[in-house]
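# Structure assessment
Each chain, letter by letter, is given below.
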2 protein chains.
Amino acid sequence: MDQPITSAALRAIRRVLRAADQGGRKLASVTGLTPSQLLVLQEIEQRGETLPSAVAASLQFGQATVTNIVDRLEAAKLVTRERGTSDKRQVVLRITEQGRAVLENAPDLLHKRFKIGFNQLPAWEQAMILAGLERLGELLDAGEIDAAPLIDSGVIDRDLAPELRRQDRDTNR
Amino acid sequence: MDQPITSAALRAIRRVLRAADQGGRKLASVTGLTPSQLLVLQEIEQRGETLPSAVAASLQFGQATVTNIVDRLEAAKLVTRERGTSDKRQVVLRITEQGRAVLENAPDLLHKRFKIGFNQLPAWEQAMILAGLERLGELLDAGEIDAAPLIDSGVIDRDLAPELRRQDRDTNR
DNA sequence: TCATTATTCTTCGGAAACCGAACTACAATA
DNA sequence: TATTGTAGTTCGGTTTCCGAAGAATAATGA
């Protein structure tokens with residue numbers, strides 16, 4: 001059905017995704033910083049001084065999510081929350097020294113693994129990979145997809161599920 | 001610090017990751033199948049008849065996680081659970097007709113978006129992207145990384161956090 | 001054969017990521 | 001001033017993961 005090259009590419013993508021995921025998980029267990037937290041932290045560092053809404057927009061997270069994550073970062077003293085002066089509705093986020101230190105010492109593992117290998121590749125190959133990735137990025141976030149043509153074909157019934165589960169299994173023993 | 005090309009590549013990777021994530025989330029809201037569920041389902045389909053442990057190993061999930069996900073898939077009747085005959089500790093997973101149908105109708109959006117764009121690219125570019133991706137996959141899951149050199153530099157104190165949070169904010173008003 | 005050890009899976013409890021909807025301040029506008 | 005808009009937060013809910021402990025069954029060895 002698919003071109004072989006297409007599905008090979010898909011497999012490769014999934015592999016990359018999985019690797020990223022795993023790396024993140026491991027990172028979390030070691031540093032106490034989850035991937036999302038790291039992302040937010042990086043975002044804040046890059047911008048120097050931002051608003052939660054900006055972070056949310058850029059990371060495509062909901063505001064609620066950002067609040068949540070910033071809560072943790074603040075508790076860990078990696079980030080500062082301060083009410084805006086001109087517009088008091090706003091909240092200004094700043095990274096702390098500690099935050100910066102964490103970013104230095106805990107480049108996420110994806111980053112790390114990647115860098116190690118990548119730097120060893122010949123330049124042409126680096127260029128090729130980069131070009132491919134960028135193309136891919138374009139493909140993937142090109143415009144909103146219409147998520148229409150997915151008919152109701154056996155969708156999960158969330159309310160029914162829990163009961164069914166236990167019951168089904170018990171009758172099975 | 002990093003070569004510019006390295007960090008460009010990293011940005012590109014993150015972009016791809018984010019796109020995948022978003023796509024997955026959207027998919028979930030439409031079909032009721034989350035990305036992980038889809039992965040497990042696909043895995044079961046491919047293998048035709050498997051054990052949870054095999055799925056877990058291949059997807060690099062914990063057993064508990066697989067149990068959890070299979071619970072949902074089973075409740076949705078996309079998958080069948082049956083005790084093994086020769087070894088009764090085992091559980092045999094099979095995809096149902098419905099499950100197959102769902103896989104057909106709900107190729108995940110990543111897949112979909114990707115296919116659309118990808119197929120339109122000239123062959124050489126497809127080849128290039130593929131090569132880049134595969135190289136990347138190798139880089140990323142090359143061997144276990146030693147997650148050692150991450151010193152305790154401002155790690156989150158999980159127990160302290162929740163209290164701090166609320167308190168800090170209240171004093172802030 | 002019986003007891004011990006291993007295995008396969010499930011259950012339980014817990015952290016975190018997300019989100020939408022309701023809500024609170026504050027700002028801007030008419 | 002009254003209304004409408006905007007920035008963040010809170011609340012409640014779902015899902016993903018995991019580790020540890022448990023139950024059932026197999027395999028092993030004395």
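Everything below is about the structure shown above.
Residues numbered from 1 in each chain as written. Chains lettered and ligands numbered in written order. Predicted model: local features only at pLDDT ≥ 70, side-chain atom pairs only at ≥ 80, totals over all residues. Heavy atoms only, no water.

With that settled, consider the packing of helix 2 (residues 35-47) of chain B against helix 5 (residues 97-105) of chain B. Residues and elements named next belong to chain B. Between helix 2 and helix 5, the shortest axis-to-axis distance is 11 Å and the interhelical angle comes to 115°. Pair helix 2 / helix 5 crosses with left-handed handedness. Between helix 2 and helix 5, the residues in contact are Leu 38, Leu 41, Gln 42 and Glu 45 and Gly 99, Arg 100 and Leu 103, respectively. Split by residue class, the contact of helix 2 with helix 5 holds three nonpolar, two polar and two charged. (Axes fitted to C-alpha atoms, helices over the stretch in contact; angles between N-to-C directions. Helix = DSSP H or I, 4+ residues; strand = E, 2+ residues; numbered from the N terminus. Left-handed = near helix turned anticlockwise from the far one by under 90°. Contact = heavy atoms within 4.5 Å. Nonpolar A, V, L, I, M, F, W, Y, C, P; charged D, E, K, R; others polar.)

Now for the pattern of salt bridges. One pass over the structure, following the stated rule, counts 16 salt bridges over all chains. Linking Glu 125 of chain B and Arg 135 of chain A is a salt bridge whose minimum nitrogen-to-oxygen distance equals 2.3 Å. Here Arg 135 of chain A lies in helix 7 (residues 123-140) and Glu 125 of chain B lies in helix 7 (residues 123-140), a pairing that spans two chains. By relative accessible area, Arg 135 of chain A is classed as partly exposed at 26%. Across the pair Glu 97 of chain B and Arg 100 of chain B runs a salt bridge, and its minimum N-O distance is 3.8 Å. Of this pair, Glu 97 of chain B and Arg 100 of chain B both sit in helix 5, three residues apart, roughly one helical turn. (Salt bridge = Lys/Arg side-chain N within 4 Å of Asp/Glu carboxyl O. Buried < 20%, exposed > 50% of the residue type's maximum accessible area, 1.4 Å probe, protein only.)

Below, the discussion takes up helix 5 of chain B. All names here are of chain B. Taken residue by residue, helix 5 has Gly 99, Val 102 and Leu 103 as its buried positions. Seen end-on, helix 5 carries its buried residues on one side only, within an arc spanning 100°. The outward face of helix 5, more than 90 degrees from its buried face, is lined by the exposed residues Glu 97 and Glu 104. Buried residues along helix 5 sit in contact with helix 2 and strand 2 (91-95). (Arc of directions from axis to C-beta.)

Residues and elements named next belong to chain A. In this fold, Phe 61 is placed in the loop between helix 3 (52-59) and helix 4 (63-75). Taking the C-alpha atoms as reference, Phe 61 lies 18 Å from Gly 24; in sequence the two are 37 residues apart. Those residues in contact with Phe 61 that sit more than four places away from it in its chain are Ser 36, Val 40, Ala 56, Val 66 and Ile 69.

Phe 114, Leu 133 and Leu 136 of chain A together with Phe 114 and Leu 136 of chain B are the most contacted members of the largest nonpolar core, which has 34 residues in total. Elements with a minimum of two residues in this core: helix 1 (4-31), helix 6 (109-120) and helix 7 of chain A together with helix 1 (4-31), helix 6 (109-120) and helix 7 of chain B. Residues within four places of Leu 136 of chain A in sequence aside, it is in contact with Ile 13 of chain A together with Val 16, Phe 114 and Leu 133 of chain B. (Core = buried A, V, L, I, M, F, W, Y, C linked by side-chain atoms within 4.5 Å.)

This brings us to the pairing of strand 2 (residues 91-95) of chain A. Residues and elements named next belong to chain A. Burial runs high along strand 2: four of the five residues are buried. As judged from the five bridges shared by strand 1 (residues 79-83) and strand 2, these two strands associate in the antiparallel manner. Each residue of the ladder has a partner; that of Glu 82, found in strand 2, is Val 92. (Pairing = 2+ DSSP bridges.)

This paragraph deals with unusual backbone geometry. Residues and elements named next belong to chain A. Within the chain, Lys 77 stands out as a residue other than glycine whose phi angle is a positive 60°. One can find Lys 77 in the loop between helix 4 and strand 1. Residue Lys 77 is classed as exposed on the basis of its relative accessible area of 51%.

The values reported here are purely geometric and, on their own, carry no functional implication.
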